[in-house]
Amino acid sequence: MRRNPTKRRGAPAPSSNPSKRLQHKGTAETPAFAQQQHAGVAIEEDMMDEDVFLEETALKLEEDEEALLLMQNEALSARLSRWKRPSLSSSYLSSNENIIFQQLDIDHVIGETHKELIPGSSGPSAILRMFGVTKEGHSVCCHVHGFEPYFYISCPPGMGPDDISRFHQTLEGRMRETNRNSNVPRFVKRVEIVKKKSIMYYQPQPCHSFLKIVVSLPTMVAGCRGILERGIQLEGLGMKNFITYESNVLFALRFMIDCNIVGGNWIEISSGKYKKTTKNISHCQLEVDCLYSELISHNPEGEFSKMAPFRILSFDIECAGRKGHFPEPLHDPVIQISNLVTLQGEDHPFVRNVMTLKSCSPIIGVDVISFDNERDVLLAWRDFIREVDPDIIIGYNICKFDLPYLIERADTLKIAEFPLLGRIRISRVRVRDTTFSSRQYGIRESKEVTLEGRVQFDLLQVMQRDYKLSSYSLNSVSAHFLGEQKEDVHYSIITELQNGSPETRRRLAVYCLKDAYLPQRLLDKLMFVYNYVEMARVTGVPISFLLSRGQSIKVLSQLLRKAKQKNLVIPNVKGQGSGQDSFEGATVLEAKAGFYEKPIATLDFASLYPSIMMAYNLCYCTLVTPEDVRKMNLPSESVNKTPSGETFVKPDLQKGILPEILEELLTARKRAKADLKEAKDPFERAVLDGRQLALKISANSVYGFTGATVGQLPCLEISSSVTSYGRQMIEHTKKLVTERFTTLGGYEHNAEVVYGDTDSVMVQFGVQTVESAMNLGREAAEFISGTFTKPIKLEFEKVYYPYLLISKKRYAGLFWTNPNKYDKMDTKGIETVRRDNCLLVKNLVNECLHKILIDRDVPSAVQYVKDTISDLLMNRMDLSLLVITKGLTKTGDDYAVKTAHVELAERMKKRDASTAPNVGDRVPYVIIKAAKGAKAYEKSEDPIYVLENNIPIDPQYYLENQISKPLLRIFDPILKNASRELLHGSHTRSVSISTPSNSGIMKFAKKQLTCLGCKTVISGANRTLCSHCKGREAELYCKTITHVSELEILFGKLWTQCQECQGSLHQDVLCTSRDCPIFYRRKKAQKDMAEAKVQLDRWDF
Amino acid sequence: MDVDRKVIQRQQSTYRSMDEIFEIKNEKYRGQQYSQIYFTRLHHMRNLLYSLIPKWRPDLPVCTVLGLEEGKQCVLVGTIYKHMKLKPRILDEYSKERSVVPIVKPHNFMHPEDHLILEDESGRVKLSGNVLVPSVFVTGVILALLGKETTDSEFLVEDILEAGPPSQIERPVIGGEDKYVVFVSGLCVGSSTFNPLQFQLFVDHVTGYLGEVKEQCIESKIVRVVIAGNSIEIPKCVLTGQTVNSKDQSKLFEPIKELDISLTQLAVAMPVDIMPGTGDPANFSLPQQALNRCLFPGTSAYNTFFTCTNPHSFELDGVRFLGTSGQNIDDLEKYSDAKDKLEFMERTLRWSHLAPTTPNTLGCYPFTDRDPFFIENCPHIYFCGNQSEYSSRMLKGSEGQLVRLICIPRFCETGVAVVVNIGSLECHTLNFSTNLD
């Protein structure tokens, strides 16, 4: 299907699951770093566990039997067996083998306590499930028993061991009161006194008493926490409310932390320590029960840093929408599903198939499976998923579109047995709406489809997270990363193709397959598997958290692990502020705008914020409250007072946890980088590169964690101290450079600091060559580094030469790391990747920068601008460069202000409702010349319509509203009177406007031949030239023919390119991808060609 | 001094132009795409190949790409598509960032990972095996392949059948005196390499103003001069640029006038064919249409002056000529590999197709109902203009076809014209040099 990130905003809530037995929590999973967007009770829990009772999602037995009947289709069952995983060896079958597997997903369910493993216990308990793959490619489901949910509270003074059991009873009573309906035999299992210390604030005492409260089910943690935080009446102590510790840790994460398991690592269970499940409830080949204490978790080193051969399914669906509507599961059938399955580490998919509704001609190398009704298509896909048993499911926008669509469609068709797509045999897939809101990524509405045991990896989500692009359509993403355009078939054509013949459906299938193939290629090309698994390993969270949650869970996971080692506990502190508390941010030194034609050396702080935290031992546990500063009377040599006025103790009193985490991360990164240099094997390299990247990102996110006011454990004292040190360092560097590198100090020139950003300072040493600037840069970096506390280090990395500094955060320059050759052109803040700019702006800016910086030819850049403006005014501009695109997010009535694209969409709807853009589509338009006084929003027009009817564009609009600002930004520092020179010169005087072929007046105009030389009306015998131009025949003919010849070149290139994209020579090009840069050019070339040919024919006299 | 005043009569021969198939005339751009020319080409060539297959592999079934069955040997006919990694594409203009290092234009876009795909109306299949060498073939060639589908869904090729060379009409026996045709190409009047004296020497020589009687006797046997493209060079920027004052403008068209004068001298003496080439004021796409006569107001007055299409096909005394100004062969050189230019020429005959890379990498008119580049009859003389050096050899076909292959060098660089004896098909060069050392 066409995917558009903005798609389906207003889709109805999934009513997909008929079963009321399911627990739907409307909770927005709100990752940290997040601003709470919704009010309500549910928000109270930032993260909460959801207890899914095994029986509740299960189908009834008879249903189960029916559902498990595989398709009767013989051909299909033959295929099913081919898709199967390798069969188990006898030692596995007889349980004599140690099971070693890479786990990819961990969740938990509530089930009856395992009597054999935990004798003497009964009632429901939480069972953790780990899903993974062995190195032979067998799927594993491991039920882990015996791990109990718990949290801590600080022990009230005076409470002794004798008071514990009374406290236990009181708590148990209160729990029972609030959960009257529950039939759980016991809520609070145990209360123990433990010796721990809070992570908050420096405390000289070694430890305090804490109560560890062990409950029977994970959800009870939240319940208990609520009671204790609100306050509880205790005998002899009165009403007490407690601060809870580590009460907001998800159960699965708690388990992983306590068992030393990190996301995506290898787990071993020795033979004899596990029991085969008596009745398999999953589709996994190896399904075992074991105690959590028997698990051996391997560090991802050596052999265990590898990846198991897991199965990655990439799929895509096509739906036949009704005319003028985007497909909706209530009305529109699923007509094709294409699937590619690839083993991790292999280049090519081993399963390639497409399931189609109605017959479809064969496709080479692809298994085409056709069905007569939609129900069979869906069920075949379900069987396919079950047999091929993918560990990771990828696709483009699958989470928001494809998966929910399939499930909602099956619901519409009343196929109750369809949503059995997870690994648990009898468990239905659940869909729910989620809102992911984060300061970093903005608010994203999404759907969460739970496929137990299978990791979903939606490439669209990944792209939106990891890359800043102007458009996230699959087409533009693949153009960006793979350098190829994707054929785009408008969804109105999809229905036509479906209703055609087996041939047209084949055409559609090929298209559908390509949409399934591109996500796989993106995954490979961008090394996502390696990078994300490494990120999970480094930060210790399950892989699925990385996409569904924010940054802070990663830091929290590391913090919890470290705290556990140090016997510290982390308080559950609610986000204190409204999110508006802020502190002074990073400093930016004033930019001295200009065009610098001498080398500018850049001094960078390497990992500035992590270094500051390490250098000054900034941590929760080293912070001294102002009160304590007075009370404790700490000697001044063992504390640091930060520029923002906070006090932290030095490492000799208490080493900080955050600095320790950072040290480990940075050391590990150094090691990974060193290993990367040594490594030869491409897979090993991929792992190591992913790891060093993950380590870098993790180190940098620690600072943000402390500053997120509504986060898990905000501590503004730390973050404001970090930035204040940062500011100090930048100023300090500036001061040292300008003091030391002077003519008085024996240098040739006085150094000047032209600009400084968060962690870098740009210095003009005044020397002429890159080499001497590099030498001085190195000298300065070394000298200044010596004045900082370790590990803060100023590094010299690069020289900009020449350097165009426009304003703060906006600059461009050639980037040199060695004196012989520049590396690249580097720009910041200039490149106009904004969506609402037309391509012309981007091209113009790029070309100008190229000419100014690389060719060092300002006059030619000026000339280029003038030529471009002249082309624009003379109506010679390629229309595709002028197209502006905006997303249509709601209909016209909902917009308060009239906008160009919405108005156009309305007008197009009146012309032809079937091809007009719908909500969710992107609307491309150009600004046309309209009657005087027309509003800007009235001047938008469909580019195709413009092409077909020769409608003149409005060059003034483009000149004033699109290109003038970016151009003046660049040229102001370079030229005097840039505006007059560029925008008002003689090149702007000659204007040509095409005559529209459809305007009213033209209907009355009579067409007459004009002389090809001078445009005089000619008549009589003269068909080509007037009598005055007769002598210039050769010259004028040459002009005509050159024009024709240029168009022919273009025509050929454009149309053969489209043949290439569509992958067929013998079929006409259908593509209507308006995202493709050559779409309009192709159309225009065709039209221009026809006109030019007519002109040319007039010479044949 | 007693001078022999005997008048030397120039030989004559009967000329029949066969350029009609290359003329576009009233065809129009009506939104047609390139799929149709491929479709026509496949249809036409397939009929031809189907008639040959019974002789080649009588025992095997002929399949379509869709009808392939794994492991079953069969014959497949379709259009070759060559997947090329380095092939320049118009989309590169839009690629992420403009590369800082200027791209050096390679003359050849081959890459070891290039592979071939066979396509028919029903689908595509990737070709494998050592029999079919990707470096030899190009997109657009139509072949019959013997092989079978492998487990990887590739087609393992075991043998290849090409359609040509096509059959040849019988070469007439030309009795009496020898007759010659002179070929010249790449005059490039107006370019920096153009040497007016050198060209004048050529004109004077073939028209008989140079040399003694014996030489004049030979020169009188030249029945025709064929100018195979790139006669004029007009700086491109002039025609597209925005600001050229009128004085300069007329100056820029001087080369055309200059050529007109020289051509007049030639046309006075004998028939002259002029073909358009890449640099000439003609359209770009093949078939290039004849240069407009209004460019040569002087020469056009003579009925011995013929403006022809490129490709150009004609008969002289029953001997068949076919040739181009070089674009077809130059394009093959960019996208495939051979030991010399003549081998490329041979291949086009073996494929029965003058320019298989059209429209893929070589521009052509989007024909809807025909493919004019299909070679129906094998020419006797097959020439190709604008090559770097002269080369020639005879090609002998399996059915006894005899073809003289000629690469005509660029005159402005080499001073070489090529003379062919239409009776014997023998071939030699004329070298003109103004270098007095």
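This one's a predicted model, so the numbers in the text were calculated from it and none came from an experiment. Residues take numbers from 1 onward in each chain, read along the sequence in its written order. Chain A is the first chain written and ligand 1 is the first ligand written, with later ones labelled in order. In view of the model being predicted, local features appear only for residues whose pLDDT reaches at least 70, and side-chain atom pairs are presented and counted only at 80 or more, with totals across whole chains, interfaces and linings using the full set of residues. Hydrogens and waters are ignored; side-chain quantities use all the structure's heavy atoms.

Colleague: Mind showing me how you'd approach the overall build of chain B here?
Modeller: Each helix and strand counted, chain B has nine helices and 18 strands in total. With 437 residues in all, chain B has 55% of them scored as buried. The long-range fraction of contacts in chain B, counting pairs at least 24 apart against all pairs at least 6 apart in sequence, stands at 73%. For helices the rule is a DSSP run of H or I covering at least 4 residues; for strands it is a run of E covering at least 2, with both sets numbered from the N terminus onward. Only protein chains enter the accessibility calculation, which uses a 1.4 Å probe; a residue whose area is less than 20% of its type maximum is buried, one above 50% is exposed, and one in between is partly exposed. In this description, contact between two residues means that some pair of their heavy atoms is separated by no more than 4.5 Å.

Colleague: Explain the overall build of chain A here, please?
Modeller: Secondary structure assignment for chain A yields 30 helices and 35 strands. Looking at chain A as a whole, 59% of its 1101 residues qualify as buried. Taking as baseline every contact in chain A between residues at least 6 positions apart, the subset at least 24 positions apart corresponds to 72%.

Colleague: Any chance you could explain the nonpolar core here in plain terms?
Modeller: Side chains of nonpolar character tend, in soluble globular proteins, to be buried together. Buried Ala, Val, Leu, Ile, Met, Phe, Trp, Tyr and Cys residues form a nonpolar core when they are joined through side-chain atoms within 4.5 Å. Among the nonpolar cores identified, the biggest contains 290 residues, and Tyr620 and Phe971 of chain A together with Phe202 of chain B are the most heavily contacted of them. Those residues in contact with Phe971 of chain A that sit more than four places away from it in its chain are Cys848, Ile852, Ala861, Val862, Val865, Ala978 and Leu982 of chain A. Membership of the second largest hydrophobic core comes to 57 residues, among which are Phe151, Val188, Phe251 and Ala252 of chain A.

Colleague: So what exactly am I meant to see when it comes to the packing of aromatic side chains here?
Modeller: How two aromatic rings sit relative to each other is set out by the distance from centre to centre and by the angle between their planes. Side-chain rings of Phe, Tyr and Trp (the six-membered ring for Trp) are treated as a pair once their centres are within 6.5 Å; stacked means planes under 30 degrees apart, edge-to-face means over 60, and tilted covers the remaining angles. Inspection of the entire model under this criterion finds 47 aromatic pairs over all chains. Three or more aromatic residues link up through ring pairs in this structure, and these residues are Tyr596, Tyr755, Tyr800, Tyr803, Tyr811 and Phe815 of chain A. Think of it as a cone above the ring: NZ of Lys or CZ of Arg counts as a charge over the ring if it is within 6 Å of the ring centre and within 35 degrees of the ring normal. Positioned above the aromatic ring of Tyr822 of chain A, the side-chain terminus of Lys821 of chain A is 4.1 Å from the ring centre. Against the face of Tyr81 of chain B rests Arg124 of chain B, its NZ or CZ located 4.3 Å from the ring centre.

Colleague: Even after reading the chapter, I still don't get the confidence of the model for chain A, so can you show me in this structure?
Modeller: Do not read the fine detail of predicted coordinates wherever pLDDT is low. Residue and element names in this part refer to chain A. Residues of chain A with pLDDT of at least 70 account for 85%, and the chain-wide mean is 80. Residue-level confidence of the predictor is what pLDDT reports, using numbers from 0 through 100. Note that residues 1–46 has pLDDT below 50 and, in this model, 123 contacts with residues that lie over four places away or in other chains. Ignoring residues within four places in sequence, the model shows residues 59–71, a span with pLDDT below 50, making 24 contacts including any to other chains.

Colleague: What's the story with the pairing of strand E18 (residues 392–395) of chain A in this structure? I'm lost.
Modeller: Here is the key point about a regular strand: its side chains alternate between the two faces of the sheet. Residue and element names in this part refer to chain A. Alternating positions in E18 separate into two faces, Ile392 and Ile394 on one and Ile393 and Gly395 on the other, with burial throughout. A pair of strands counts as paired when DSSP detects no fewer than two bridges linking them. Summarising the sheet, E18 and strand E21 (residues 455–458) pair through four bridges and their orientation is parallel. The residue bridging Ile394 from the neighbouring strand is Phe457, located in E21.

Colleague: What is the right way to look at a negative patch on the surface in this model?
Modeller: In this analysis, a patch consists of residues with relative accessible area above 30% that form no salt bridge, clustered at 9 Å for like charges and at 5 Å for the nonpolar side chains Val, Leu, Ile, Met, Phe, Trp and Tyr. Computed with a 1.4 Å probe, the accessible areas rest on the Shrake-Rupley method; for each residue, only the protein chains presented here act as cover. Basic side-chain nitrogens of Lys or Arg form a salt bridge, by our definition, when they fall within 4 Å of a carboxyl oxygen of Asp or Glu. Lys and Arg are tallied as positive, Asp and Glu as negative. Neither His nor the chain termini are counted. Taken as the charge centre is NZ of Lys, CZ of Arg, CG of Asp or CD of Glu, depending on the residue. Taken together, Asp675, Glu678, Asp681 and Glu684 of chain A make up a surface patch of like negative charges. Residue position: Asp681 of chain A is located in the loop between helix H19 (657–678) and helix H20 (682–707).

Colleague: Honestly, the interface of chain A and chain B in this entry has me stumped. Any pointers?
Modeller: The interface is formed by 66 residues belonging to chain A together with 57 residues belonging to chain B. Reported buried area values correspond to the accessible surface (1.4 Å probe) lost by two parts on association, with both partners' losses combined. Of the roughly 5400 Å² buried at the junction of chain A and chain B (both faces included), carbon and sulfur atoms supply 59%. On the chain A side of the contact with chain B, Ile364, Leu1065 and His1066 of chain A bury the most area, a combined 15% of that side's loss. Where chain A packs against chain B, one counts zero salt bridges. Two N or O atoms form a polar contact when they lie within 3.5 Å of each other; inside protein one atom must be a possible hydrogen donor and the other a possible acceptor, and for residues adjacent in sequence the pair counts only when both atoms belong to side chains. For the interface between chain A and chain B, the tally reads nine residue pairs in polar contact (both at pLDDT 80 or more). Every element with two or more residues in the side of chain A that touches chain B is listed here: helix H13 (502–525), strand E32 (821–828), helix H23 (839–854), helix H24 (858–873), helix H29 (1033–1062) and helix H30 (1079–1097) of chain A. Per element, the largest residue contribution to the side of chain A that touches chain B is 24 residues, and it comes from H29 of chain A. As a working rule, the residues Ala, Val, Leu, Ile, Met, Phe, Trp, Tyr, Cys and Pro are called nonpolar, Asp, Glu, Lys and Arg charged, and the rest polar, with Gly in that last group. Taken together, the residues that form the side of chain A that touches chain B break down as 27 nonpolar, 17 polar and 22 charged.

Colleague: It is not clear to me how the sheet that holds strand E12 (residues 286–291) of chain A should be interpreted in this structure. Could you clarify?
Modeller: The strands making up a sheet associate through hydrogen bonds between their backbones, and the pairing can be parallel or antiparallel. Residue and element names in this part refer to chain A. Pairing is mixed in the open sheet, where seven strands are placed in the order E11-E12-E3-E2-E1-E10-E13. Lying at the two open borders of the sheet, with one neighbouring strand each, are strand E11 (275–276) and strand E13 (296–298). Two strands pair when backbone bridges link them, and strand E2 (residues 124–134) and strand E3 (residues 139–145) are joined in this way by six bridges, in the antiparallel orientation. Within E3, the position partnered with Gly132 by the bridge is Val140. Axis definition: a line fitted to C-alpha atoms, limited for helices to the stretch in contact. Angles are taken between N-to-C directions and run from 0 to 180 degrees. Strands in contact with helix H7 (residues 251–258) are strand E1 (99–112), E2 and E3; relative to E2, the strand with the most contacts, it is inclined by about 70°.

Colleague: For this particular structure, what's the right way to read the environment of Asn377 of chain B?
Modeller: Residues and elements named next belong to chain B. Relative to the helices and strands, Asn377 is located in the loop between helix H8 (341–350) and strand E14 (381–387). Accessibility expressed as a relative area gives 29% for Asn377, which makes it partly exposed. The sequence separation of Asn377 and Pro165 amounts to 212 residues, and the corresponding C-alpha distance is 8.5 Å. With sequence-adjacent residues up to four places away left out, Asn377 is seen in contact with Pro166, Ser167 and Arg320.

Colleague: Would you mind going over the packing of H7 of chain A against helix H16 (residues 552–565) of chain A with me for this structure?
Modeller: Describing two packed helices takes the angle between their axes plus the distance from one axis to the other. All names here are of chain A. The N-to-C vectors of H7 and H16 enclose an angle of 40°; their axes lie 10 Å apart at closest approach. By the angle between their axes, H7 is oblique relative to H16. Two packed elements cross with a definite hand, and for H7 against H16 that hand is right-handed. Contacts between H7 and H16 involve Leu253, Met256, Ile257 and Asp258 from the former and Ile553, Ser557, Leu560, Arg561 and Lys564 from the latter. For the contact of H7 with H16, a count of residues per class yields five nonpolar, one polar and three charged. An angle counts as roughly parallel when it lies under 35 degrees, as roughly antiparallel when it exceeds 145, as roughly perpendicular when it falls between 65 and 115, and as oblique in every other case. In a left-handed crossing the near helix is turned counterclockwise from the far helix by less than a right angle, and in a right-handed crossing that turn is clockwise.

Colleague: What is the right way to read the pairing of strand E24 (residues 600–605) of chain A from this model?
Modeller: Residue and element names in this part refer to chain A. By the criterion of burial, E24 is predominantly enclosed, with six of the six residues buried. Of the two faces of E24, the one carrying Ile600, Thr602 and Asp604 and the one carrying Ala601, Leu603 and Phe605 are both buried. Two strands pair when backbone bridges link them, and E24 and strand E29 (residues 760–764) are joined in this way by five bridges, in the antiparallel orientation. Looking across to E29, one finds that Asp604 is bridged to Ser760. In this sheet, strand E30 (residues 794–807) lies alongside E24 in antiparallel orientation, the contact comprising six bridges. Looking at the pairing, Ile600 lines up with Tyr800 of E30.

Colleague: Whenever I open this one, the sheet that holds strand E14 (residues 311–319) of chain A confuses me. Can you help?
Modeller: All names here are of chain A. Taken in spatial order, the six strands make up an open sheet running E17-E16-E15-E14-E18-E21, and their pairing is mixed. At either margin of the open sheet sits one strand with a lone partner, and together these are strand E17 (367–371) and E21. Recorded for the sheet is a direction-independent mean angle of 20° between the axes of neighbouring strands. Two strands pair when backbone bridges link them, and E14 and E18 are joined in this way by three bridges, in the parallel orientation. Paired with Leu313 across the strands is Ile393, a residue of E18.

Colleague: Is there a simple way to explain unusual backbone geometry in this structure?
Modeller: A negative phi angle characterises most non-glycine residues, just as the trans form characterises most peptide bonds. Residue Asn310 of chain B is joined to Pro311 of chain B through a cis peptide bond whose omega torsion reads 0°. When you line up the elements, Pro311 of chain B lands in the loop between strand E11 (305–307) and strand E12 (312–316). Not every positive phi belongs to a glycine, and Glu246 of chain A is a case in point at roughly 50°. Within the secondary structure, Glu246 of chain A is located in the loop between strand E9 (244–245) and H7. Judged by relative accessible area, which is 5%, Glu246 of chain A ranks as buried. The backbone of Lys414 of chain A shows a phi angle near 60°, a positive value even though the residue is not glycine. Mapped onto the fold, Lys414 of chain A is located in the loop between helix H9 (398–412) and strand E19 (430–438).

Colleague: Which parts of the structure should I look at to understand the environment of Val845 of chain A?
Modeller: For Val845 of chain A, the location among the structural elements is in helix H23. Taking the C-alpha atoms as reference points, Val845 of chain A and Ala861 of chain A, separated by 16 residues in sequence, lie 9.8 Å from one another.

Colleague: Which parts of the structure should I look at to understand the confidence of the model for chain B?
Modeller: When pLDDT is averaged along chain B, the result is 85; 91% of the residues meet or exceed 70. For the stretch residues 239–244 of chain B, pLDDT sits under 50, and the model shows twelve contacts to residues farther than four places along the chain or on other chains.

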